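This is what each chain is made of:
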Amino acid sequence: MNRHERSGGEAVVQYLDSNLRVIKPGAFVRCAVTGEAIPLDELKYWSVELQEAYASPEAVMMRITGQKAP
């Protein structure tokens, strides 16, 4: 999907093992831990099992350990 096919809002995404499938086009998804908007072009971390995105490796560790975002 290129930039011209996206709307400016939040995307709905299905997270797969090594890829993702855009269900509803948008410009970003939200980090499940911090709530931060993550542009789809910059999304690198997600959980297939939990079907959620993370903004950083630190956010992944917070989810794994059960810590809350500051």
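Scroll up to find the structure.
Residues numbered from 1 in each chain as written. Predicted model: local features only at pLDDT ≥ 70, side-chain atom pairs only at ≥ 80, totals over all residues. Heavy atoms only, no water.

Focus: the pattern of salt bridges
The condition that has to hold: One side-chain nitrogen of Lys or Arg within 4 Å of one carboxyl oxygen of Asp or Glu is enough to make a salt bridge. By definition, any uninterrupted DSSP run of H or I lasting at least four residues is a helix, any uninterrupted run of E lasting at least two residues is a strand, and each is numbered from the N terminus. When accessible area is computed with a 1.4 Å probe and restricted to protein chains, residues below 20% of their type maximum are described as buried, those above 50% as exposed, and intermediate ones as partly exposed.
The final tally for this structure, using the stated rule, is two salt bridges. Note that Glu-10 and Arg-30 form a salt bridge whose closest N and O atoms lie 3.8 Å from each other. Remark: Arg-30 occurs in strand β3 (residues 28-30) and Glu-10 occurs in the segment before β1 (12-15); sequence separation between them is 20 residues. By relative accessible area, Glu-10 is classed as partly exposed at 36%. With a closest N to O distance of 2.6 Å, Arg-63 and Glu-52 form a salt bridge. Here Arg-63 is found in helix α1 (residues 57-65), whereas its partner Glu-52 is found in strand β6 (residues 52-54), with eleven residues between them in sequence.

What about the nonpolar core?
Applied cut-off: Residues belong to a common nonpolar core when they are buried Ala, Val, Leu, Ile, Met, Phe, Trp, Tyr or Cys residues joined through side-chain atoms within 4.5 Å. Contacts between residues were defined by any pair of non-hydrogen atoms, one from each residue, lying within 4.5 Å.
Counting 13 residues, the largest nonpolar core has Val-29 and Leu-43 as its most contacted members. Among the elements of the structure, β1, β6 and α1 are those that each provide at least two residues to this core. Among residues more than four places away in sequence, those in contact with Leu-43 are Tyr-15, Leu-20, Val-29, Ile-38, Ala-53 and Tyr-54.

Here we look at the pairing of β1
Keep this limit in mind: Strands pair, by our definition, only if DSSP identifies at least two bridges between them.
Residue alternation in β1 divides its side chains into a buried set, Val-13 and Tyr-15, and an unburied set, Val-12 and Gln-14. One ladder, built from four bridges, connects β1 with strand β2 (residues 20-24); its direction is antiparallel. Bridge pairing in β2 places Gln-14 opposite Arg-21. Between β1 and β2, which pair antiparallel in sequence order, lie four residues.

Observations concerning the side chain of Ser-47
Selection rule: What qualifies as a polar contact is a pair of N or O atoms within 3.5 Å, subject to a donor-acceptor requirement within protein and to the restriction that residues adjacent in sequence count only when both atoms come from side chains.
Mapping Ser-47 onto the fold places it in strand β5 (residues 45-47). For Ser-47, a relative accessible area of 13% gives the class buried. Of the polar contacts made by the side chain of Ser-47, one reaches the backbone nitrogen of Leu-50; its length is 2.9 Å. Those residues within four positions of Ser-47 in sequence are excluded, and the remaining contacts are Tyr-15, Glu-52 and Tyr-54.

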